[in-house]
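One letter stands for each residue in the lines below.
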Amino acid sequence: MTTLTPVLTDTWDKDRSWRLATYERAGGYAGLKKALTMDPAALVQTVKDSGLRGRGGAGFPTGMKWGFLPPPDGGPRYLVVNADESEPGTCKDIPLMLASPQHLIEGVAITSFAIGCDHAFIYVRGEVLHVYRRLLNAVEEAYKAGYLGKNIQGSGFDLDVTVHAGAGAYICGEETALLDSLEGLRGQPRLKPPFPAVAGLYARPTVVNNVESIASVPAIVANGADWFSSMGTEKSQGHGLFSLSGHVTRPGQYEAPLGITLRELLDLAGGVRAGHELKFWTPGGSSTPIFTQEHLDVPLDYESVGAAGSMLGTRALQIFDETVCVVRAATRWTDFYAHESCGKCTPCREGTYWLKQVLHRIEDGAGQDGDLELLVDLCDNILGRAFCALGDGAVSPITSSVELFRDEYQAHIDSHGCPFDPSASALFPYTPKTRTPGTLAGAGAGGH
Amino acid sequence: MTADPQAATKTGYDAETVASLTADATAIMARYPDPRSGLLPMLHLVQSVDGYVSRDGILFCAETLGITAAEVSAVATFYTQYKRHPNGTYTVGVCTNTLCAVMGGDAIFDELSDHLGVGHDETTDDGAITLERIECNAACDYAPVVMVNWEFFDNQTPETATALADKLRLGDDVVPTRGAASVCSFKQMSRILAGFPDGRADEGVGAGEPTLAGLKIARERGWTAPSSGQAGEPVEPVETGPVGKPGSSAERPAATPSDTAVGKDKKPGEDAK
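Turning our attention to the overall build of chain A. Summing up its helical and strand segments, chain A has 18 helices and eight strands in all. Radius of gyration (C-alpha) of chain A: 23 Å, near the 22 Å computed for a compact globule of 448 residues. If one aligns the C-alpha atoms of chain A with their principal axes, the spans along those axes are about 75 × 45 × 40 Å. In chain A, once contacts between residues fewer than 6 apart in sequence are set aside, the share between residues at least 24 apart is 69%. Counting only carbon and sulfur atoms, one obtains 53% of the accessible surface of chain A, whose full area is about 14200 Å². Taken as two groups, the 37 positive and 51 negative side-chain charges of chain A have centres that lie 6 Å from each other.

Shown next, in the form of structure tokens:
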């Protein structure tokens, strides 16, 4: 049996867990003190050796990303933390920053020292007011304690950190869109290459890393690469936050070695909602193809989930029981992608719009024979043809659900409507309202 | 000679407003190597004055950054938090992304919409509430979620949400599940998002029950991450100034075992020392 491994979560149950003093009492900032005595190149090597891979979804080796920076040329180099957590189902970085922002700040200081950065940025989504307060406060505390600012801990290393609030745009989680947004522009992805390592923020060498990736760095430095890689699987090393949500008895954050299975996690979380059974789930957010009961024993590591036809993504395990209509689920996710498509490229901008039209008519009972072929064809014309990963993500729930639940889609078309009672999936009893045209549009109207 | 601030601006702001906006905008721009990076916080700033991104606000940003009003508008219209018409005192956002929707978010939105008589992105006649369908707000383990001025109201039902809306319309304080001790106004919130904190970071909880679900099991069963012989020495805590009110628990010296982190609270490697 796989046991849980609290590292990032280890201080979250303490009184005033977000305070610097709490973090220090638990051993915090030992990593930075050690890092400042090390050669920056050795720090990069330590993170490479640990096997840490990006925790924001793509899973790219973190140390390798740092190593892609060109040699110093005397000009500025930047660290930008992607704290724009917005992928549907993903809910790990926000509670981390609310409960223990110093984990992140220490990671920022170590990473900046390793890559030769003297001004780092944390781009947090604007829709989490108290998290922004906590981050601003954590940075202020770290300055006062001499962990940020000039001549940090007497090392001669200087670092400023700016916490920047976004303003509501999922696409800014894409690293180059995030950089454009941070430069004060519309958040639209950039053509790559050049990659941010070469020409990132203000066209300078830049590392963009996810919150959990950076927050994992202090313990790696303090305890060593071997300590980290002793957890997880051969190629997916270390600990990660697994976020269970939906129809599960005890939803929440479970910090475990990569490679744990959903069956094990569900066992810890008290199983699927009482009296119900698992129908489908996402392994890593809405952009990862859905799984079913057949995948309960797939090790949740990058390779195994990939081999099973999906992606580990952000380990956002959204659990849906048999009361949930898969067409309704896919339709609502598609509303999201259509709303959040930045409009830069045609396949995504137009494609998500048309996906939405077809899905809505199927769910609303106006589906036609041939609509499923049309949907799959639309998806084929987006996948791999969009400017960034948003387009690929948008088709994942559709292609995977059509493949796994084709009969359910067809039943919507054949019987001219959705056979499910939406109230059965809610956590409370209610009578669904019927909407008449011309009045308030209601929740299911789509479009925002 | 000091120029009259109003003479230099095409905005309709009075001299006092121009002076205070200019001082704040200067502080914002100083945070970045390139002042243009200040545009997003600056748009939050003008919302803190006008309650939306007004024509004056757009002109102010353009004049401050030396860019065109069209360039500012292009940015302002891209992001959903920038409002194009006066916002209510409170934005009430119901998550209707898939997971919250099926768990009851749709029912909550529909109930609120009927109760308040407004639809998505519409404001009640008394100016108290702007209702929104919102996208996933990273609190899925607390579904269904409602946000009021971007503070978390977890595990909502149609009844709790309508009661919440009624209190807001009466001007009563409401308390987020995870957030400050009360919800501030849209304008106050916008000022914080511009990077001017209100000193309330220490209010509220660190985590709700779901956030701690895994940790609780680990504590009960004595599970920890592997230990390591290479762990660093714990650092002496550095007090960094006032935390809570005088006499509050924040002033309390370490007195209990949990304060000094022994037993199961140890970090990986502490055994080895």
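Still to come is the rest of the account.
Before going further, it helps to examine the pairing of strand β3 (residues 129–134) of chain B. All names here are of chain B. Of all six residues in β3, six are buried; the element is thus mostly enclosed. Where strand β1 (residues 90–95) and β3 come together, six bridges link them in parallel fashion. When the bridges of β3 are listed, V92 appears paired with L131. As paired elements, strand β2 (residues 122–123) and β3 share two bridges and run antiparallel to each other. Bridge pairing links T123 to T130 in β3. Connecting β2 to the next strand, β3, in antiparallel fashion are five residues, including G127 with a positive phi near 75°.

Let us look at the domain arrangement of chain B. For interface size, the figure often reported is the accessible area lost on association. The domain architecture assigned to chain B consists of domain 1 (5–76) and domain 2 (90–184). Centre-to-centre, using C-alpha coordinates, domain 1 of chain B lies 30 Å away from domain 2 of chain B.

Right, let's get into the side chain of E340 of chain A. Tracing the backbone through its elements, the reader meets E340 of chain A in helix α14 (residues 326–340). At 7.4 Å, R125 of chain A is the nearest oppositely charged side chain to E340 of chain A, a buried residue that forms no salt bridge. Among all residues touching E340 of chain A, those that are not within four sequence positions of it are A169, Y170, I171 and L390 of chain A together with E135 of chain B.

Here we come to the interface of chain A and chain B. Taken together, the contact between chain A and chain B spans 117 residues of the former and 119 residues of the latter. Roughly 9400 Å² is buried in total at the junction of chain A and chain B, and carbon and sulfur atoms are behind 58% of that figure. Per-residue buried area on chain A facing chain B is highest for R25, L129 and R133 of chain A; these three make up 8% of the total on that side. Summed over the shared surface of chain A and chain B, the result is nine salt bridges. Where R133 of chain A meets E151 of chain B, a salt bridge forms, and the shortest distance between an N and an O atom there is 2.9 Å.

This brings us to the packing of aromatic side chains. Scanning the model with the defined rule gives 19 aromatic pairs over all chains in all. On the basis of an interplanar angle of 65° and a centroid distance of 6.0 Å, the ring pair of F280 of chain A and F405 of chain A is categorised as edge-to-face. Of this pair, F280 of chain A sits in strand β7 (residues 278–282) while F405 of chain A sits in the loop between α17 (389–404) and α18 (406–414), and the two are 125 residues apart along the sequence. F280 of chain A gets classed as buried once you look at its relative accessible area, which sits at 0%. Three or more aromatic residues joined by ring pairs make a cluster, and in this case those are Y78, F121 and Y202 of chain A together with Y32 of chain B. If you follow R53 of chain A out to its NZ or CZ, it ends over the ring of Y302 of chain A, 4.1 Å from the centre.

A few words on helix α6 (residues 158–170) of chain B. Residue and element names in this part refer to chain B. Relative to the 18 Å expected for 13 residues at 1.5 Å per residue, α6 spans 18 Å between its end C-alpha atoms, a close match to the ideal helical length. Buried residues along α6 sit against β1, α5 (98–116), β3, β4 (146–148) and β5 (151–153). At the C-terminal side of α6, G171 shows a positive phi close to 85°.

It is worth spelling out the pattern of salt bridges at this point. Inspection of the entire model under this criterion finds 37 salt bridges over all chains. A salt bridge links K144 of chain A to E140 of chain A, with the nearest nitrogen and oxygen atoms 3.5 Å apart. Placement of the pair is K144 of chain A and E140 of chain A together in helix α7 (residues 129–144), with a separation of four residues, close to one helical turn. E220 of chain B serves as the salt-bridge partner of K216 of chain B, at 3.8 Å between the closest nitrogen and oxygen. With K216 of chain B and E220 of chain B both in helix α8 (residues 213–221), this residue pair falls four residues apart, about one helical turn. Accessibility expressed as a relative area gives 52% for K216 of chain B, which makes it exposed.

All names here are of chain B. Here helix α2 (residues 39–50) is 12 residues long and its end C-alpha atoms lie 16 Å apart, about the 16 Å a rise of 1.5 Å per residue gives. Most of α2 is tucked away, with 10 of its 12 residues classed as buried. For α2, every residue scored as buried is listed here: L39, L40, P41, M42, L43, H44, L45, V46, Q47 and S48. One or two residues past the end of α2 sits G51, with phi positive at roughly 80°.

What follows is about the sheet that holds β1 of chain B. All names here are of chain B. The strand order across the open sheet formed by five strands is β2-β3-β1-β4-β5, and the pairing between neighbours is mixed. The open sheet is flanked by β2 and β5, the only strands paired with a single partner. Relative to β5, β4 runs antiparallel, the two sharing three bridges. Note that in β5 the partner of V146 across the bridge is F153. Contacting β1, β3 and β4, α5 runs over the sheet at an angle of about 140° to β1.

Residue and element names in this part refer to chain A. Here four strands make up an open sheet; going across it, the order is β3-β2-β1-β4 and the pairing parallel. A single partner strand is all that each edge strand has here, and the edge strands are β3 (160–165) and β4 (206–210). When the angles between neighbouring strand axes are averaged without regard to direction, this sheet yields 20°. Sheet topology note: the strand β1 (residues 78–83)/β4 ladder contains five bridges and is parallel. The residue of β4 that forms the bridge with V81 is N209. Sheet strands in contact with helix α6 (residues 101–115) are β1, β2 (119–124), β3 and β4, and its direction is about 150° off that of β1.

We now examine the packing of helix α3 (residues 55–65) of chain B against helix α4 (residues 69–76) of chain B. Residues and elements named next belong to chain B. Put simply, α3 and α4 touch, their axes get as near as 8 Å, and they point 120° apart. For α3 against α4, the interelement crossing comes out right-handed. Counting all contacts with α3, which are made through I58, L59, C61 and A62, the residues of α4 involved are A69, V72 and S73.

Here the focus is the packing of helix α1 (residues 15–29) of chain B against α3 of chain B. Residues and elements named next belong to chain B. Interaxial distance between α1 and α3 falls to 11 Å at its minimum, and their mutual angle equals 55°. Comparing the axis directions of α1 and α3 gives the class oblique. Our pair here, α1 against α3, has a crossing hand that is right-handed. Residues L21, T22, A25 and M29 of α1 touch α3, and the partners they reach there are F60, T64 and L65. Here the residues of the contact of α1 with α3 are counted per class, giving five nonpolar, two polar and no charged.

What counts as what
- Residues numbered from 1 in each chain as written.
- Chains lettered and ligands numbered in written order.
- Predicted model: local features only at pLDDT ≥ 70, side-chain atom pairs only at ≥ 80, totals over all residues.
- Heavy atoms only, no water.
- Helix = DSSP H or I, 4+ residues; strand = E, 2+ residues; numbered from the N terminus.
- Rg over C-alpha atoms; globule rule 2.2 N^0.38 Å.
- Contact = heavy atoms within 4.5 Å.
- Areas by Shrake-Rupley, 256 points an atom, 1.4 Å probe, with all protein chains shown as cover.
- Lys, Arg positive; Asp, Glu negative; His and termini not counted.
- Charge placed at Lys NZ, Arg CZ, Asp CG, Glu CD.
- Buried < 20%, exposed > 50% of the residue type's maximum accessible area, 1.4 Å probe, protein only.
- Pairing = 2+ DSSP bridges.
- Domains from an automatic or database assignment.
- Salt bridge = Lys/Arg side-chain N within 4 Å of Asp/Glu carboxyl O.
- Buried area = accessible area lost by both parts, 1.4 Å probe.
- Phe/Tyr/Trp six-rings, centres within 6.5 Å; stacked < 30°, edge-to-face > 60°.
- Lys NZ or Arg CZ within 6 Å of the ring centre and 35° of its normal.
- Expected span 1.5 Å × (residues − 1).
- Axes fitted to C-alpha atoms, helices over the stretch in contact; angles between N-to-C directions.
- Left-handed = near helix turned anticlockwise from the far one by under 90°.
- Parallel < 35°, antiparallel > 145°, perpendicular 65-115°, else oblique.
- Nonpolar A, V, L, I, M, F, W, Y, C, P; charged D, E, K, R; others polar.

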